[in-house]
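Okay, here's what each chain looks like letter by letter:
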Amino acid sequence: MLNVSTKDLVPSPVGPVDVEQAEAALVERYPRLVRIAYLVLPPSLGRNRRVLTAHALVQRSLPRRRVAGPSVPEPRLAEDAVDPGYAYVRSEVLRQALVAGLPLRRLALPSRAQFPPLLPHVWGLRLFPRVGGADELALDQRLSRLSGPGRAAYVLRGLERQGDAEVLRVLAAAGVADPAAALAEADALDDAPELPGEGPGGALAQAGVLPPGAALPPGGGGAGPEGGAAAEPGGPGRSGAGGAGGDRPGPDAAGRPDLPGHGGPGPRRSGAALLESDEFDPCALQARPTDLLRRRQHARAGIVAVAALLVCGALLGLPGDGWGRNGAAAPSYARNPAAEAALDPGALKRVDPAVWPASTRQDFSVWPARGALTGDRALLRRALAVWARPGASVRSSATPGTPVGPPMGPPQLLFAGVVDGAGVVILHDGLRAVRYAEPVGGTAGAALDFARTDGADAVGSAALVLSRAAGNVRYLTAPWVRETSVRDLLAPGEDARPLGRDAVGVTEPMTSPALAKGCTRWNTLQVRDGSGLRMLADLGELAPARLLWGPPAAPADATGPEAREAWARTACQLSAVRAHGVRAVNAWRFARQPLPEGAGSGTWLCTRAETWRGTGSRVLAQFLVPSPSVPAALAARSEGSPACGVRDPRVLAGVLWQAPGGGWYVLAAGSPDFTALETSGGVKGRSDGPLLAVKAAAGARADLAGTLPDGTRVRALR
């Protein structure tokens with residue numbers, strides 16, 4: 001049983017400690033401190049890591065400044081008195097060793113002592129103390145079954161010769177939550193009847209010191225009253241019959257000193273004596289190489305990893321100008337003379353303003369470079385870099401069928417300036433018009449838009465969208481455009497409203513229908529050039545679409561009264577071709593049909609949207625009732641069909657119509673080429689000529705076909 005008072009649990013009063021005093025104690029008793037740390041550390045770490053960690057813990061135990069202590073130290077036994085500097089360093093070593101033995105927890109902040117030490121560090125060698133005998137091995141195994149505080153208590157009593165009260169004080173100072181339990185653990189180890197290996201067939205016999213079943217000689221450490229165990233009833237560090245401290249072996253019956261290896265197997269040594277052996281001395285070390293084959297494999301893998309890292313770094317750092325100057329562009333992936341020239345702002349093509357009046361062609365190739373920032377090389381460099389390598393933060397869009405790769409050579413500069421709070425650059429490479437926009441003062445939120453413009457004529461290159469903001473749109477007009485105005489397609493009787501431009505051809509903002517949710521207004525840009533008026537519609541792309549009216553073989557710009565009346569009722573159908581890469585939209589009245597029951601005359605229109613890429617054209621067949629306020633009804637639609645075009649100007653469509661009197665009819669009409677029309681299925685009927693009206697029931701469905709003069713049957717548009 002323990003006989004200690006509550007007063008004994010007060011941390012050991014060592015008095016004030018200077019850094020120099022602690023350093024002197026550490027240097028003088030360095031081997032002893034390292035041995036203490038080695039013994040307290042858990043054996044599960046392995047001998048190599050225990051050695052290095054023990055040295056690291058001792059070397060990290062110096063105080064950073066003077067450590068204060070109580071002015072009146074408490075009385076203690078003479079054998080418990082220690083140097084204040086040594087006591088402080090020993091307490092720090094114990095505290096760190098106990099922390100190093102704690103397991104890492106997922107949510108707890110790990111301590112420095114729980115990680116492998118950075119210093120000292122040994123490469124290519126494994127260090128461990130000299131191998132002891134079977135007694136040392138047995139003691140090490142029994143210590144491994146103790147907790148960290150239990151090992152600390154055992155070491156303080158056996159190695160430091162401290163009494164129970166002082167052991168409790170030191171453990172409390174080292175942060176042990178229950179010093180008495182730790183001391184009881186050490187007592188349990190001491191009070192065991194024998195160490196492993198002391199009985200028949202134990203570790204001593206297995207190690208070859210004694211044969212199995214052999215008896216120890218008198219005085220050789222047996223369990224009898226004359227053995228070593230009976231001579232040390234108090235255990236290490238406590239008073240007992242074995243002498244002062246109970247840790248020094250006495251002479252045997254023959255008067256010989258109790259030394260290992262003296263005659264036969266020798267007497268048994270106590271646990272305290274074993275703690276002083278070379279087995280537990282981390283300063284007397286043996287060295288062996290690490291796993292040579294594995295080290296060779298790791299060396300090769302490291303060389304390959306370093307080489308790969310160097311290659312990747314070289315590839316990323318190839319551009320001589322660095323990344324910062326390219327704004328939102330992604331890193332370069334190759335160096336090529338043509339590609340480098342295409343990204344050089346100094347190599348941009350700039351057309352003189354005096355070129356276009358004398359040129360035989362009027363298109364984007366003769367547009368002069370305009371805008372206040374045409375000399376801003378940094379802005380132009382970022383625009384070219386983002387065009388070639390748009391980064392992940394760039395909002396990019398392209399009309400269908402438009403390639404989005406870098407230019408094949410230096411492109412032509414059309415515009416560079418500040419519009420609606422953004423720096424805007426418009427470039428052209430003969431195939432595409434490209435618009436780059438970035439906020440003034442930064443590159444975050446940069447935008448890049450592509451539009452195919454190959455084969456553009458004077459009208460197709462009359463304007464480009466420069467900016468969209470708050471539902472409005474600004475255009476950059478061609479230098480040959482003399483006048484700009486705004487015309488609402490849904491109000492054919494109203495005059496066009498003038499639209500102002502600045503000196504470089506940038507228009508004032510106008511309401512755009514491109515992103516409108518309803519269809520209450522459809523503003524178009526009306527421009528006047530040297531040969532007449534043109535009507536351009538914003539369909540959400542960089543290049544506006546030209547609006548036409550007339551038969552496919554000879555369409556004209558939709559600026560006349562008849563064209564405006566027709567477009568007023570079909571303009572809302574333009575949303576079906578929005579953002580489709582449309583170059584021009586032509587509406588054509590292919591038939592007029594008298595309606596049954598004297599309801600007047602209906603009109604059939606065919607609207608065809610041609611694309612810049614040549615494929616993907618969309619065709620809409622629409623039916624207009626006599627009332628001018630009723631929008632056109634969509635009768636049929638098709639994509640990729642040649643109907644209503646120059647190659648195939650024929651079209652055939654039908655609708656189910658209700659007369660004012662309530663009767664239902666199937667109405668059908670074809671272009672003038674049709675000689676007969678016929679319906680089948682739910683409604684049967686036939687007529688000669690391009691018009692057909694057959695009475696039907698509500699919700700009836702019918703198949704429609706027509707006959708051409710040569711007898712060819714043509715199905716309705718679908």
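Computed from a predicted structure; not experimentally measured. (Residues numbered from 1 in each chain as written. Predicted model: local features only at pLDDT ≥ 70, side-chain atom pairs only at ≥ 80, totals over all residues. Heavy atoms only, no water.)

**A word on the overall build of the chain**
- In terms of regular secondary structure, the chain is built from 14 helices and 27 strands.
- Expressed as a percentage of the 718 residues in the chain, the buried residues total 46%.
- Pairs at least 24 apart in sequence give 64% of the contacts found in the chain among residues at least 6 apart. (Helix = DSSP H or I, 4+ residues; strand = E, 2+ residues; numbered from the N terminus. Buried < 20%, exposed > 50% of the residue type's maximum accessible area, 1.4 Å probe, protein only. Contact = heavy atoms within 4.5 Å.)

**Some remarks on the pairing of strand β4 (residues 412-419)**
- Of all the eight residues making up β4, seven are buried; the element is thus mostly covered by neighbouring parts of the structure.
- Pairing of β4 with strand β5 (residues 422-428), which is carried by seven bridges, proceeds in the antiparallel orientation. Bridge pairing links Leu413 to Leu427 in β5.
- The antiparallel pairing of β4 with β5 creates a hairpin that spans two residues between the two strands, and Asp420 there sits at a positive phi of about 50 degrees. (Pairing = 2+ DSSP bridges.)

**Notes on the sheet that holds strand β25 (residues 691-696)**
- With antiparallel pairing, the three strands of this open sheet are ordered in space as β21-β22-β25. Each having just a single partner strand, β21 (652-658) and β25 make up the two edges of the open sheet. Adjacent strand axes in the sheet meet at a mean angle of 20 degrees, parallel and antiparallel pairs treated alike.
- Bridging between strand β22 (residues 664-670) and β25 involves six bridges; their strand directions are antiparallel. Paired with Trp664 across the two strands is Ala696, which belongs to β25. (Axes fitted to C-alpha atoms, helices over the stretch in contact; angles between N-to-C directions.)

**A word on the state of the cysteines**
- In total, this model carries two disulfides according to the counting rule given.
- The side chain of Cys519 participates in a disulfide bridge whose partner is Cys572; the two sulfur atoms lie 1.8 Å from each other. The sign of the S-S torsion, about -95 degrees, decides the handedness of the disulfide formed by Cys519 and Cys572: left-handed. With Cys519 in the loop between β12 (510-511) and β13 (523-529) and Cys572 in the loop between α14 (561-570) and β17 (582-594), this residue pair connects regions lying 53 residues apart in the sequence.
- Given the relative accessible area of 30%, Cys572 is considered partly exposed.
- Across the disulfide from Cys606 sits Cys644; the S-S distance is 1.6 Å. Judged by the sign of its S-S torsion, about 125 degrees, the cystine formed by Cys606 and Cys644 is right-handed. In this pair, Cys606 is assigned in strand β18 (residues 601-611) and Cys644 in the loop between β20 (633-639) and β21, connecting sequence segments 38 residues apart.
- Residue Cys606 is classed as buried on the basis of its relative accessible area of 1%.
- Its relative accessible area of 3% is what places Cys644 among the buried residues. (Disulfide = S-S within 2.5 Å.)

**Structural notes on the packing of aromatic side chains**
- For the structure shown, the criterion picks out seven aromatic pairs.
- For the ring pair Trp387 and Phe450, a centre distance of 6.5 Å and an interplane angle of 65 degrees mean the geometry is edge-to-face. On the criterion of sequence distance, the pair formed by Trp387 in helix α13 (residues 377-388) and Phe450 in strand β7 (residues 447-452) is long-range, its members being 63 residues apart.
- The class of Trp387 is buried, set by a relative accessible area of 0%. (Phe/Tyr/Trp six-rings, centres within 6.5 Å; stacked < 30°, edge-to-face > 60°.)

**Considerations on unusual backbone geometry**
- Notably, Arg161 is not glycine yet its phi reads approximately 60 degrees, a positive angle.
- Considering the arrangement of structural elements, one finds Arg161 in the loop between α6 (148-158) and α7 (164-173).
- On the basis of relative accessibility, which here comes to 27%, the residue Arg161 falls in the partly exposed class.
- Backbone geometry at Glu597 places phi at a positive 60 degrees, although glycine is not the residue there.
- One can find Glu597 in the loop between β17 and β18.

**Let's talk about the confidence of the model for the chain**
- Mean pLDDT over the chain works out to 81, with 79% of the residues at or above the 70 mark.
- Counted against residues more than four places away or in other chains, residues 1-14, with its pLDDT under 50, gives 26 contacts.
- Below pLDDT 50 for its whole length, residues 195-266 participates in 91 contacts with residues either more than four positions away or in separate chains. (pLDDT = per-residue confidence, 0-100.)

**Side note on the sheet that holds strand β27 (residues 713-715)**
- Strand order in the open sheet formed by four strands is β24-β23-β26-β27, and the pairing between neighbours is antiparallel. Edge positions in the sheet fall to β24 (685-688) and β27, since each of these pairs with one other strand and no more. Shown here is a sheet whose adjacent strand axes are inclined to one another by a mean of 20 degrees, direction ignored.
- Across six bridges, the pairing between strand β23 (residues 676-681) and strand β26 (residues 702-707) is antiparallel.

**Describing the nonpolar core**
- If you look at the biggest cluster of nonpolar residues, it comprises 47 residues, and the most contacted ones within it are Val40, Val58, Leu94, Leu143 and Leu171.
- In contact with Leu143, not counting residues within four places along its chain, are Leu39, Arg151, Tyr154, Leu189 and Leu275.
- Of all hydrophobic cores here, the second largest spans 34 residues; its members include Tyr475, Val506, Ala543 and Trp612. (Core = buried A, V, L, I, M, F, W, Y, C linked by side-chain atoms within 4.5 Å.)

**Examining helix α4 (residues 84-100)**
- Between the first and last C-alpha of α4 there are 24 Å, a value that for 17 residues agrees with the 24 Å anticipated at 1.5 Å per step.
- Counting buried positions along α4 yields 14 of 17 residues, so the element is predominantly enclosed. (Expected span 1.5 Å × (residues − 1).)

**Some words on the packing of helix α2 (residues 30-40) against helix α3 (residues 47-59)**
- The N-to-C vectors of α2 and α3 enclose an angle of 130 degrees; their axes lie 8 Å apart at closest approach. Taken together, the axis directions place α2 and α3 in an arrangement best described as oblique. Between α2 and α3 lies a crossing of right-handed hand. Of the residues in α3, those touching α2 at Tyr30, Leu33, Val34, Ala37, Tyr38 and Leu39 are Arg47, Arg50, Val51, Ala54, His55, Val58 and Gln59.
- Its residues assigned to classes, the contact of α2 with α3 comprises nine nonpolar, two polar and two charged. (Parallel < 35°, antiparallel > 145°, perpendicular 65-115°, else oblique. Left-handed = near helix turned anticlockwise from the far one by under 90°. Nonpolar A, V, L, I, M, F, W, Y, C, P; charged D, E, K, R; others polar.)

**Let's talk about the pairing of β23**
- Sheet topology note: the β23/β24 ladder contains four bridges and is antiparallel. Across the sheet, Leu677 pairs through a bridge with Ser687, a residue of β24.
- The loop that links β23 with its antiparallel partner β24 comprises three residues.

**Digging into the pattern of salt bridges**
- Applying the stated criterion across every chain yields a total of 28 salt bridges.
- Between Glu160 and Arg32 there is a salt bridge, with the nearest N and O atoms lying 3.8 Å from each other. Of this pair, Glu160 sits in the loop between α6 and α7 while Arg32 is found in helix α2, placing the two residues 128 residues apart along the sequence.
- You can call Glu160 buried: its relative accessible area is 11%.
- Taking the shortest distance from any N to any O, the salt bridge between Glu276 and Arg32 comes out at 3.4 Å. Note that Glu276 is positioned in the loop between α10 (271-275) and β2 (285-289) and Arg32 in helix α2, a separation of 244 residues in sequence.
- Arg32 sits in the partly exposed class, given a relative accessible area of 27%.
- Via salt bridges that share partners, Arg32, Arg90, Glu160, Arg161 and Glu276 belong to a single interconnected network. (Salt bridge = Lys/Arg side-chain N within 4 Å of Asp/Glu carboxyl O.)

**Quick look at α6**
- Buried residues dominate α6, accounting for ten of its eleven residues.
- Those residues of α6 lying buried are Gly148, Gly150, Arg151, Ala152, Ala153, Tyr154, Val155, Leu156, Arg157 and Gly158.

**Section: the packing of helix α1 (residues 19-28) against α4**
- With their axes 8 Å apart at the nearest point, α1 and α4 run at an angle of 75 degrees to one another. Classed by the angle they form, the pair α1 and α4 counts as roughly perpendicular. Contact residues: α1 offers Gln21, Ala22, Ala25 and Leu26, while α4 offers Pro84, Gly85, Tyr86 and Val89.
- For the contact of α1 with α4, a count of residues per class yields six nonpolar, two polar and no charged.

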